[in-house]
Amino acid sequence: MPSILLVDDETAITDNLAPFLVRAGFEVVVAGDGDAALARIADSAPSLVVLDVLMPGRDGRSVLREVRQGGGTVPIILLTQIGESGERAMALEEGADDYLNKPFDPHELVARIRAVLRRGTPPAGRSLTAAQRLRSGSLVLDRTSQRVFRDDAEVVLTPRATTLLAFLMSHPGETVSRERLLEEVWGWSFHTSTRTVDTRVAELRRVVEVDSADPQLVVTVPGEGYRFVGTVEAG
Amino acid sequence: MARTVGWVVAVLPLVAGAVLAWLGQTGRLPGERYDVGALPGDWALAAGGAVTAVAVLVLLVATVRDRRWGRRLRDRTAEAAQDRRLLLSRLDHELKNPLTAMRAATANVAAGSDPAQAAAVRTIEEQVLRLSRLTTDLRKIADIESARLDRRPVDLADLIEEMVDVARDLPGAAERELALDLPRAPWPLPPVPGDADLLSLAVANLLDNALKYTPPGGRVEVRAREAAGSVVVEVADTGQGIAPDELPQVWEEMYRSPSARAVPGSGLGLPLVRAVVERHGGHVTADSRVGEGTVVRLSLPV
């Protein structure tokens, strides 16, 4: 049974989230601050850490940095308070495997935990969300320069389509809903016009697929969303 | 300080005159009398000149003062906007932890066999979700005000056509007439530099509103035209309209007209539209007559 270390200074959250995670089939250890979190990571070796960012004393980002600098590869999901994309990008750069904005649906947290656990720890110790380059067959995406290459030739995508591809490639095999893509890639959660996502996916397919009418990389999951089906490696 | 200097300068000529007069009386200045004579016309010219000089001085002072007041007003407005943003972000922040805890708590409550209890749990779940959405959407408006724009030439005609297509699928759209009028002659709309996704969001919101507040059988018209270096997009409806005293407030976050309470909404649609348009350097206006309808105009610089 995978064990989860749940770190948050708000007992109202841990008191309710811990039993929920237990019922979802996880073993749960709770820590109330950053230092306790580091101690639990060292002594109980959890399969995954759910880490609140804003805590008094040592905060979540400091814990994340400490773990990654010490060579720790335990998957970490950050619970962010701040919805700003800059903050989110920073979290991923510093080595978080995923993040969730508060307030979140607890079922969504369970789905994210399962997805990150399924992804496993990459051999190089660098998670896909933090990798500079993502490669799937002949398709290469360079995060730093925001450029995409196919068969070593650069292809032109709008910035939004590039971000969308980066998100899908760093979550291979996961079905991602249009609503979540809107929030992750566009940075908003308004319920109007999820067609925006479809338009960008169509652009993406025209460029990265051999035959955009018969997509092999970015597939539609009817009634659910989109999924990147290729194998993705970092570097 | 500047004011004191001003008064000193103003009184200085009188003091100088008084000193010279005293020097004259005590015989320390040359004693001959100065007789000045002039024609009435020359006196009139001199008097006119003196009055104009005073008037020009007063106007100059007034201009400087107006400028200073204008600057102060702008500073105050910017400060107020900053304060409002700060308040919203603090409120958002303080609500997040309690809402997270409540969502986890309701997820733990097993819906028992008692239907009344099941209904109560469902209500709490729905209302917590509604509060969560509200805080997220408020945050997003603040984000739009400060986020970096993905700016490139946008074909507004294409964008509007697409959004109208989306709107035709909205619930209730079939019972309302939805007309689109885009110029083709003498030339089509020029491209507008902007973020296509944000602009779609703005147009979609306006269409959503127009359909929501227009009774079945009513009409919604979407128009766009080029005017003096801008593209003006209009969404007009034959809906219930907005009272004149409420019109300025519809652009404020979470304002909901008492007469609009029956229609579900968060009061964040129009503020979002305004944030998007102003982020593009444009502006928004609305005209409305109660019982006749409303027209909302977006003006986007080309």
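Residues numbered from 1 in each chain as written. Chains lettered and ligands numbered in written order. Predicted model: local features only at pLDDT ≥ 70, side-chain atom pairs only at ≥ 80, totals over all residues.

**Focus on the sheet that holds strand β5 (residues 230-237) of chain B**
Residue and element names in this part refer to chain B. Spatial strand order, β2-β4-β5-β7-β6: 5 strands in an open sheet with mixed pairing. Looking at which strands have only one partner, the edges of the open sheet turn out to be β2 (177-181) and β6 (283-289). On average, each strand axis in the sheet is tilted by 15° relative to the strand beside it, whichever way the strands run. In this structure, β2 lies alongside strand β4 (residues 219-227), joined through 5 bridges in parallel fashion. Along β4, the bridge assignment pairs Ala179 with Glu221. Lying over the sheet, helix α6 (residues 269-279) contacts β6 and β7 (293-301), oriented at roughly 140° with respect to β6. (Pairing = 2+ DSSP bridges. Helix = DSSP H or I, 4+ residues; strand = E, 2+ residues; numbered from the N terminus. Axes fitted to C-alpha atoms, helices over the stretch in contact; angles between N-to-C directions. Contact = placed C-beta atoms within 7 Å.)

**Brief notes about the nonpolar core**
Counting 45 residues, the largest nonpolar core has Leu156, Ile160, Met163, Ala202, Val203, Leu207 and Val276 of chain B as its most contacted members. Listing elements by their share of this core, those giving two or more residues are α3 (115-146), α4 (156-168), α5 (196-212), β4, β5, α6 and β7 of chain B. For this core, the element with the highest residue contribution is α5 of chain B, accounting for 11 residues. What Ile160 of chain B contacts, discounting residues up to four positions off in sequence, is Leu182, Val203, Val222, Ala224 and Val233 of chain B. Judged by nonpolar contacts, the second largest core, of 35 residues, contains Leu6, Ala37, Val49 and Val63 of chain A. (Core = buried A, V, L, I, M, F, W, Y, C linked by C-beta atoms within 7 Å. Buried ≥ 20, exposed ≤ 12 C-beta atoms within 10 Å, placed from the backbone.)

**What about unusual backbone geometry?**
Leaving glycine aside, a negative phi is the common case for residues, and trans is the common case for peptide bonds. Here Lys102 of chain A and Pro103 of chain A are connected by a cis peptide whose omega angle stands at -5°. Following the sequence through the fold, Pro103 of chain A ends up in the loop between β5 (98-101) and α5 (106-119). The linkage connecting Ala185 of chain B with the following residue, Pro186 of chain B, adopts the cis geometry, with an omega of -5°. Structurally, Pro186 of chain B is set in the loop between β2 and β3 (192-194). Here the phi dihedral of Asp151 of chain A falls at roughly 50°; this positive angle occurs in a residue that is not glycine. Looking at the secondary structure, you find Asp151 of chain A in the loop between β8 (147-150) and β9 (153-155).

**Describing helix α8 (residues 195-208) of chain A**
Taking 1.5 Å per residue as the helical rise, α8 of chain A with its 14 residues ought to reach 20 Å, and the 20 Å between its terminal C-alpha atoms agrees with that figure. Regarding α8 of chain A, the residues found buried are Thr196, Val197, Arg200, Val201, Leu204, Arg205 and Val208 of chain A. (Expected span 1.5 Å × (residues − 1).)

**Some words on the packing of helix α2 (residues 40-108) of chain B against α3 of chain B**
Residues and elements named next belong to chain B. Packing of α2 against α3 brings their axes to within 9 Å, and their N-to-C directions diverge by 150°. The pairing of α2 with α3 is recorded here as roughly antiparallel in orientation. At the point where α2 passes α3, the crossing takes the left-handed sense. Along the contact surface, α2 presents Arg85, Leu88, Ser89, Asp92, Leu95, Lys96, Leu99, Met102, Arg103 and Thr106, while α3 presents Val121, Ile124, Glu125, Val128, Leu131, Ser132, Thr135, Leu138, Arg139 and Ala142. (Parallel < 35°, antiparallel > 145°, perpendicular 65-115°, else oblique. Left-handed = near helix turned anticlockwise from the far one by under 90°.)

**Some words on the confidence of the model for chain B**
All names here are of chain B. Per-residue confidence for chain B averages 86 on the pLDDT scale, and 98% of its residues sit at or above 70. Taking the mean pLDDT of every element in chain B, the minimum, 81, falls on α3 and the maximum, 94, on β5. Listed scores for the predicted complex are pTM 0.66 and ipTM 0.74. (pLDDT = per-residue confidence, 0-100.)

**Comments concerning the packing of helix α6 (residues 159-169) of chain A against helix α7 (residues 178-186) of chain A**
Residues and elements named next belong to chain A. Put simply, α6 and α7 touch, their axes get as near as 10 Å, and they point 115° apart. Relative to α7, α6 is oriented so that their crossing is right-handed. Contact residues: α6 offers Arg160, Thr163, Leu164 and Phe167, while α7 offers Leu181, Glu184 and Val185. Per-class residue counts for the contact of α6 with α7 are 4 nonpolar, 1 polar and 2 charged. (Nonpolar A, V, L, I, M, F, W, Y, C, P; charged D, E, K, R; others polar.)

**Looking at helix α2 (residues 34-44) of chain A**
Residues and elements named next belong to chain A. For α2, the complete set of buried residues consists of Gly34, Ala37 and Ile41. For α2, the buried positions fall inside an angular range of 50° around the axis, keeping them on one side. Counted as exposed and oriented over 90 degrees from the buried face of α2: Ala39, Ala42, Asp43 and Ser44. Where α2 is buried, its residues touch β1 (3-7), β2 (27-31), β3 (48-52) and α3 (60-69). Phi turns positive, to about 40°, at Ala45, one or two residues after α2. (Arc of directions from axis to C-beta.)

**Concerning the interface of chain A and chain B**
With 27 residues of chain A at the contact, the number on the chain B side is 26 residues. Residue contributions to the side of chain A that touches chain B peak at 6 residues, all from helix α1 (residues 11-23) of chain A. Broken down by class, the residue content of the side of chain A that touches chain B amounts to 12 nonpolar, 9 polar and 6 charged.

**Considerations on the pairing of strand β6 (residues 133-136) of chain A**
Residues and elements named next belong to chain A. Sheet topology note: the β6/strand β7 (residues 139-142) ladder contains 4 bridges and is antiparallel. What sits directly across from Arg133, in β7, is Asp142. Connecting β6 to the next strand, β7, in antiparallel fashion are 2 residues, including Gly137 with a positive phi near 60°. Of the strand pairs in this sheet, β6 and strand β13 (residues 233-234) are connected by 2 bridges, and their pairing is antiparallel. Along β13, the bridge assignment pairs Arg135 with Glu233.

**Things to note about the sheet that holds β2 of chain A**
All names here are of chain A. Read across the open sheet, the 5 strands follow the order β2-β1-β3-β4-β5; overall the sheet is parallel. Sheet topology places β2 and β5 at the edges, where each strand pairs with a single neighbour. Neighbour to neighbour, the strand axes of the sheet diverge by 20° on average, direction disregarded. Where β3 lies against strand β4 (residues 76-80), 4 bridges are found, and the strand directions are parallel. Considered in β4, the bridge of Asp52 is made with Leu79.

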